[in-house]
Amino acid sequence: MSNPPNGTQAVDRAARLLSEVVHASDPVTFTELTAATGLARSTTSRLLLALERNHLIRRDDHGRFLPGEMFVSFAWRGGADTSLVAVAQPFLDRLAKGTGETINLGVSSGTSVEQIAQVDCAYMIGGTNWVGLSVPLHASALGKVLLAYGAAQLPKGPLQRCTERTITAESSLRAELATVRARGYAVTDEELEPGLIALAGPVFRYDGTVVAAMSVSAPTSRMTREAVTNAARRCVDEAAGLSSALGYRPRPRPGTAKTRARRVADRA
């Protein structure tokens with residue numbers, strides 16, 4: 001029996017590598033993949049690059065291989081119990097490295113926001129462990145994001161005043177949430193705790209629903225105007241990257257170049 005054509009052989013080999021990655025209980029190394037498949041190192045390297053380029057696999061910070069965005073997106077679309085923290089971790093880590101500050105991932109929990117993951121800051125000051133703690137929605141950057149995008153609801157009754165700067169008037173909070181949506185991220189400046197500032201961006205899933213928020217928090221003494229601008233930009237970027245990993249594809253707004261080009265093409 002003759003050998004299969006080169007194209008088919010390449011597909012078969014890539015499928016073997018992909019199968020090893022997908023069915024592994026832990027991230028796998030390059031050496032483990034070459035040993036498991038018996039492929040030459042050069043062939044393995046070339047095929048892994050192709051799989052990674054097409055989002056079928058990805059690498060963690062140690063260079064080990066994991067299922068890629070394509071599989072994560074498919075799992076979320078089917079409602080599978082995919083661990084949000086596991087998917088989010090590379091984005092949280094990258095945001096921590098880019099800012100040096102405390103990074104949190106938060107989700108709606110009843111009438112509050114619960115932090116489900118954290119990467120500690122690089123400094124001695126400002127190292128509170130927020131994981132597992134619930135904080136008021138209206139007084140936290142994470143909570144403001146969840147409220148602004150309809151992922152959480154305020155409790156009935158008066159809003160709790162955490163500090164002198166906490167927004168407790170519903171009319172003022174509604175205006176603040178409109179600003180969050182227009183700007184794309186939320187800010188709390190000593191509204192949860194004196195001396196604490198935080199910024200947060202929304203995390204969308206494939207259908208456009210916000211499922212979480214990602215934040216950067218730090219002492220106000222360390223957050224200069226330049227640092228705030230940098231943290232906000234990086235936070236929005238990493239939250240968008242996580243959203244993409246969950247299958248979210250933003251639609252062009254009316255009047256954007258892509259929308260105008262599509263309208264011109266439709267008329268042609």
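Higher on the page you've got the structure.
Residues numbered from 1 in each chain as written. Predicted model: local features only at pLDDT ≥ 70, side-chain atom pairs only at ≥ 80, totals over all residues. Heavy atoms only, no water.

Peer 1: How do you make sense of the side chain of Gln118 when you look at a structure like this?
Peer 2: Relative to the elements of secondary structure, Gln118 occurs in strand E4 (residues 112-119). There is a polar contact of 3.0 Å between the side chain of Gln118 and the side chain of Asn104. A polar atom in the side chain of Gln118 sits 2.7 Å from the side chain of Asp120. (Helix = DSSP H or I, 4+ residues; strand = E, 2+ residues; numbered from the N terminus. Polar contact = N/O pair within 3.5 Å; in protein donor to acceptor, adjacent residues only side chain to side chain.)

Peer 1: Just checking my understanding: could you explain the pattern of salt bridges for this structure?
Peer 2: Any two side chains of opposite charge can pair, given that their charged atoms come close. As enumerated under the stated definition, the model contains nine salt bridges in all. Measuring nitrogen to oxygen at the nearest pair gives 3.0 Å for the salt bridge that ties Glu52 to Arg59. The partly exposed category is assigned to Glu52, whose relative accessible area is 26%. Here Arg59 falls in the partly exposed class, since its relative accessible area comes to 38%. Glu238 is paired through a salt bridge with Arg94; the nearest N and O atoms lie 3.1 Å apart. On the criterion of sequence distance, the pair formed by Glu238 in helix H8 (residues 225-245) and Arg94 in helix H5 (residues 84-99) is long-range, its members being 144 residues apart. Via salt bridges that share partners, Lys144, Glu176 and Glu191 belong to a single interconnected network. (Salt bridge = Lys/Arg side-chain N within 4 Å of Asp/Glu carboxyl O. Buried < 20%, exposed > 50% of the residue type's maximum accessible area, 1.4 Å probe, protein only.)

Peer 1: What is the right way to read empty space enclosed by the protein from this model?
Peer 2: To find the voids left in a structure, one rolls a probe of water-molecule size over its atoms. Under the defined criterion, the tally for this structure stands at one cavity of 30 Å³ or more. What the largest cavity holds in volume is close to 120 Å³. Residue lining of the largest cavity: 14 residues in total, with Gln115, Leu192, Ala198, Ser215 and Ser217 positioned closest to the centre. (1 Å grid on protein atoms, 1.4 Å probe; cavity = no way out; pocket = protein on both sides within 12 Å on 5 of 7 lines; lining within 4 Å. Points joined across faces, edges and corners; volume = space filled by probe spheres on them.)

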